[in-house]
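If you want the building blocks of each chain, they are given just below.
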Amino acid sequence: MNNTLYMKSTDDLRPFLELAGYGCYSRQQMKTLLEKSATYDKRIEFLNVCLSPDYWHYSRKGKERRFAFHDDAYRTKKNELIPIFSMKSLDLQWLLCYLAILSILNQPNAGKGFSYSQIEREVMQLLYDLLLPCLKNIPFKNAADWKKQLATSPQKNDAVIQLALQVYHENWGSQIRRRLQDLVRTGLVNRVSKGKENEYSLPDKITLLPAGQKELTAALPLFASTALLSLPGWYLTQRYAKSLTKKSQTRYVNALRISSDSQLYTLLLAIRKQKNITFTYRNRPHEGFPLQVRTDAYQREYLEVYEENRVITYRISRMNQIQLQKGNTKPEKIPFPSKQHIILRLHYDNRNSFHRLTDAIWRQCPDALVTQVKGNTAQCILKTNNNRSKIPWLRTLYPQVEIVDDSTGHLRERVRRDLKEALQNYGITV
Amino acid sequence: MASLFSVFKNHLFLSLYQVIRNIKQGQAYTPQELHKALYGSMSFHPDIEKAIAAITALFFTTKNGFVTLKVPFSLPDLPPTHIEKEWLKTVITDSTCQPFLSADLQQKLENILQDIPALPLPEIFSRETLQEPTRTGLIRYWQALLNKQPVCLSFTDFRLDLKGQPFRLDYNAKKKTFSYLVYTEQQMFQRFNTAAIKEIIPLSSSPSGENLTEKYEKYLASCKTSLTLSLSPKWNAVERCFLLFSSYEKEAVYDEDTDRYKLTIYFYRFDTDEVLDDVFSLGSAVTLVSPENLRQKIIQRLQAAYQWYQEDTEGLTDI
């Protein structure tokens, strides 16, 4: 299945997802994200193939590009981007091996399991029967049979024989071994060591509780839509797709966050195994000890890495070629980031508005120190890791909050300029 | 290491797997039905056509107008993958998720997944949000929601108790707060923040039996409104805008000549204050173009905020 539609790795996938998440990256902007800008139209085509028109629509008129997203948190039941993740490239040889192995392990006589040599023999016979129908049920003897029988087949021009020649593999034995490893790694087949040889079997049937299904089908979408790592949860909900009812809605989650799921999973494994990671960031190589993942107010994901005796924060979706290393440089003591502070003046009309305002502040900054001053004003001191990162949130408290001063000494002037510019955008001169 | 972007989630693998199992169980497919089943939800593409042609030729043959398998594959149920089990273990181990699973289900899942390690994910919900009495309220509401049982809500302020049918649980991931969405006796959908609720008492009366989903759809349609923003290409405004309004239906128009975006967001009237706060949070990078009433609100708030920064305003001295 050599073609351009399917993808091999998530590194290819990420720019697609950014486009699907934002929907309106221009060709110019995509140049910075894609290796070849010429692929822009291909990616649009890809999204048109994968995504339901009920969710996504794209049109172009002259120099104007119009992207529409027709779903919202109140109505949708699933993650609309899931079909994009079903576009992993799949070779026919692989497909044949996977199905043949699972079918053989599912035989009633499989008992407690098969050795690798048994599996190989049975899979070879099954493939032989399938690919050389003219020889069906003639016992397969050895690997040389393939080439010989394919070359001397009386039905040489038969479409199936042609296809058999296409998918013919020089060494089916090694192909079967590697595909069996894939199945074991994914958890679809169990491997138990028995003396010198391993024994393979299907895992015990996990029904995930038909009795508790209603509870689980209700809770899974809530967890999957809220958890930082969401894709495995959405895969699980697909098992219950038919009985899925919408009992919850999650707002302010970012559809795009799915783009970093694969990277996020690798990073979580590195944190769990306490291993160093290597990665590239803005085309520069880095190595460090991963400490924790977290999100910001926009649900963007970040990783804190201990690197060169300090803690550095990286945006996960901008990290590439993440790999686990054998060693670790776990610090004995993690240095705390130095704190900054902001002094605010709070303006309010009455006690109720004062309480509403302070509740909003304490929800965001639980250690904020508020002292009433005089009249209807109060002072509030916030301690932050980064003063600038608080600006978007402080804007939502306009006009009840005024920035008086901060540890950088620039915040008040920055906010004043921003307000002036915003008013000018509305045609108000100040 | 297993990957989340897995060949076992490939749409052709999954649809072929299902077709083979269905045929084994006696379902009949015409060649056209087989083609449709293998396509799944994907739209037409020559590469998919080629792949389906190869799969069909390899695995199937047609007899009397129906397809049959060339070799009798006997495929098992596909079990959850290792990553899926790890994720489920992570979730059930997270104490903030436990209010949504009964103790019985929790125990059964723990038994099934006892050998599976959890991932070091941050807590799914905020621990502060789940303090008592909110936690008990959430558990009662969730159970009543699953059992379609009416509830009585009592409030922390002067409001009178209110009876209604739980319709949905609402989670705001930005504020990390839950709200109850209830269809009240007054036949209205109302959203209550958990902080405003003192107690929830499940009632023994039978549910109304009305189709609330249909009613809710109608209610949403009646509340739908929109606003249009003009975005300037600074401070990652485009990215932040799409993240902030990810919950809403929207339409973006990009003009290559001017390199500017216009974004129309379709939201519901009951969310107007939240949407306006989000617009504010983006600062001068966005300008609200329409509707005029919201534009005036923004201007008034900006002017009121700017007064504190006029030259003659005193700074630190008086506090």
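Scope of this entry: the structure provided in the associated data block. Note that the structure is predicted; figures quoted are calculated from it, not measured.

**A word on the environment of A110 of chain A**
Residues and elements named next belong to chain A.
Phase 1 of the analysis: Mapped onto the fold, A110 is located in the loop between α4 (92-105) and β3 (114-115).
Phase 2 of the analysis: Here A110 falls in the buried class, since its relative accessible area comes to 7%.
Phase 3 of the analysis: Separated by 91 residues in the primary sequence, A110 and S201 have C-alpha atoms spaced 7.6 Å apart.
Phase 4 of the analysis: With near-sequence residues (within four places) excluded, A110 lies in contact with I104 and L105.

**Details of the nonpolar core**
Phase 1 of the analysis: Membership of the largest hydrophobic core comes to 226 residues, with the highest contact counts inside it found for F59 and F73 of chain B.
Phase 2 of the analysis: No other element matches α4 of chain A, which puts 11 residues into this core.
Phase 3 of the analysis: Excluding residues that lie within four positions of it along the chain, F59 of chain B makes contacts with L95, L96, L99 and L130 of chain A together with L16, T68, L69, K70 and F73 of chain B.

**Regarding empty space enclosed by the protein**
In this approach, a probe sized like a water molecule rolls over the atoms, and the result shows the empty space that is left.
Phase 1 of the analysis: Evaluation of the coordinates by the stated rule reveals five cavities of 30 Å³ or more.
Phase 2 of the analysis: A volume near 550 Å³ is recorded for the largest cavity.
Phase 3 of the analysis: A73, T76, K78, N79 and V253 of chain A are, among the 36 residues lining the largest cavity, the residues nearest its centre.
Phase 4 of the analysis: Those elements that place two or more of their residues in the lining of the largest cavity are α1 (10-22), α9 (213-226) and β6 (248-251) of chain A.
Phase 5 of the analysis: Grouping the amino acids of the lining of the largest cavity by side-chain chemistry returns 15 nonpolar, 12 polar and nine charged.
Phase 6 of the analysis: Considered as a void within the structure, the second largest cavity measures approximately 100 Å³ in volume.
Phase 7 of the analysis: What lines the second largest cavity is a set of 13 residues, among which A422 of chain A together with V279, F280, G283 and L302 of chain B lie closest to the centre.

**Here's the deal with the interface of chain A and chain B**
Phase 1 of the analysis: Listed by partner, the interface residues are 149 residues for chain A and 137 residues for chain B.
Phase 2 of the analysis: Summed over both partners, the interface of chain A with chain B buries about 13,800 Å², with 65% contributed by carbon and sulfur atoms.
Phase 3 of the analysis: Between the two partners, chain A and chain B, sit 10 salt bridges.
Phase 4 of the analysis: Between D257 of chain B and K63 of chain A there is a salt bridge, with its nearest N and O atoms 3.5 Å apart.
Phase 5 of the analysis: Along the contact surface separating chain A from chain B lie 58 residue pairs in polar contact (both at pLDDT 80 or more).

**Notes on the sheet that holds strand β4 (residues 190-194) of chain A**
Residue and element names in this part refer to chain A.
Phase 1 of the analysis: Strand order across the open sheet formed by three strands is β3-β5-β4, with antiparallel pairing between neighbours. The outermost strands of the open sheet, each flanked by one partner alone, are β3 and β4.
Phase 2 of the analysis: With two bridges joining them, β3 and strand β5 (residues 197-201) adopt antiparallel strand pairing. Within β5, the position partnered with F114 by the bridge is Y200.

**A short note on the side chain of T90 of chain B**
All names here are of chain B.
Phase 1 of the analysis: Counting through the fold element by element, T90 comes out in helix α4 (residues 82-93).
Phase 2 of the analysis: Classification of T90 by relative accessible area gives buried; the value is 7%.
Phase 3 of the analysis: Here E86 takes part through its backbone oxygen, which lies 2.6 Å from a polar atom of the side chain of T90.
Phase 4 of the analysis: Once you skip the residues sitting within four places of it in the chain, T90 turns out to touch A118, L119 and L121.

**A few points about the pairing of strand β15 (residues 401-406) of chain A**
All names here are of chain A.
Phase 1 of the analysis: Most of β15 sits out of view: five of its six residues are buried.
Phase 2 of the analysis: Pairing of strand β12 (residues 340-347) with β15 involves five bridges; the strand directions are antiparallel. Residue pairing across strands places R345 opposite E402, the latter belonging to β15.

**Regarding unusual backbone geometry**
Phase 1 of the analysis: With an omega of -5°, the peptide bond running from Y398 of chain A to P399 of chain A counts as cis.
Phase 2 of the analysis: Here P399 of chain A is to be found in the loop between α13 (391-395) and β15.
Phase 3 of the analysis: Going from S290 of chain B to P291 of chain B, the amide bond is cis rather than trans, its omega being 5°.
Phase 4 of the analysis: Within the chain, N64 of chain B stands out as a residue other than glycine whose phi angle is a positive 50°.
Phase 5 of the analysis: Residue class for N64 of chain B comes out exposed when judged on its relative accessible area of 76%.
Phase 6 of the analysis: Phi at Q187 of chain B is positive, roughly 60°, even though this residue is not glycine.
Phase 7 of the analysis: Since its relative accessible area comes to 53%, Q187 of chain B is described here as exposed.

**Structural notes on the sheet that holds strand β14 (residues 377-384) of chain A**
All names here are of chain A.
Phase 1 of the analysis: Spatial ordering of the open sheet is given by β13-β14-β12-β15, a layout of four strands whose pairing is antiparallel. The sheet is open, and its two edges are formed by β13 (369-374) and β15, each paired on a single side. Taking each pair of neighbouring strands and ignoring which way they run, the sheet shows an average axis angle of 25°.
Phase 2 of the analysis: Of the pairings in the sheet, the one linking β13 to β14 comprises five bridges and is antiparallel in character. Across the sheet, the residue bridging to Q372 is A378, located in β14.

**Observations concerning helix α10 (residues 231-238) of chain A**
Since the α-helix packs 3.6 residues into each turn, any two residues three or four apart lie on the same face.
Phase 1 of the analysis: Across the eight residues of α10 of chain A, seven count as buried, placing the element largely inside the fold.
Phase 2 of the analysis: L231, P232, G233, W234, Y235, L236 and T237 of chain A are the residues of α10 of chain A that are buried.
Phase 3 of the analysis: For α10 of chain A, the elements touching its buried residues are α9 and α11 (261-273) of chain A together with α4 of chain B.

The rules behind the values
Just so you know, the residues in each chain are numbered from 1, in the order the chain's sequence is written. Key to labels: chains lettered from A, ligands numbered from 1, both in the order written. Thresholds applied to this predicted model are a pLDDT of at least 70 for local features of residues and 80 or more for the giving and counting of side-chain atom pairs; totals over whole chains, interfaces and linings are not thresholded and use all residues. Note that the side-chain values use all heavy atoms of the structure and ignore hydrogens as well as water. Under the scheme used here, helices are H or I runs from DSSP no shorter than 4 residues and strands are E runs no shorter than 2 residues, and both carry numbers assigned from the N terminus. Accessibility here uses a 1.4 Å probe with only protein chains present; expressed as a share of the type maximum, an area under 20% marks a residue as buried, one over 50% as exposed, and anything in between as partly exposed. Whether two residues are in contact is decided by their heavy atoms, any of which lying within 4.5 Å being enough. Definition used in this section: a nonpolar core is a set of buried Ala, Val, Leu, Ile, Met, Phe, Trp, Tyr and Cys residues joined via side-chain atoms within 4.5 Å. Grid points spaced at 1 Å over the protein atoms alone were grouped into cavities, where a 1.4 Å probe fits but cannot get out, and pockets, open sets with protein on both sides within 12 Å along at least five of seven lines, with lining residues defined by an atom within 4 Å of a point. Grid points are joined across faces, edges and corners, and a volume is the space filled by probe spheres set on the points. The nonpolar class holds Ala, Val, Leu, Ile, Met, Phe, Trp, Tyr, Cys and Pro. Asp, Glu, Lys and Arg form the charged class, and all remaining residues, Gly among them, are polar. In this description, buried area is defined as the sum, over both parts, of the accessible area (probe of 1.4 Å) that is lost when the two are combined. Here, a salt bridge means any Lys or Arg side-chain nitrogen found within 4 Å of an Asp or Glu carboxyl oxygen. In protein, a polar contact means a hydrogen-donor-capable atom and an acceptor-capable atom, both N or O and within 3.5 Å, with residues adjacent in sequence counting only if both atoms are side-chain atoms; elsewhere, any N or O pair within 3.5 Å suffices. Between any two strands, at least two bridges found by DSSP are needed for them to pair. The axes used here are C-alpha line fits, helices contributing only the stretch in contact, and every angle between their N-to-C directions lies in the interval 0 to 180 degrees.

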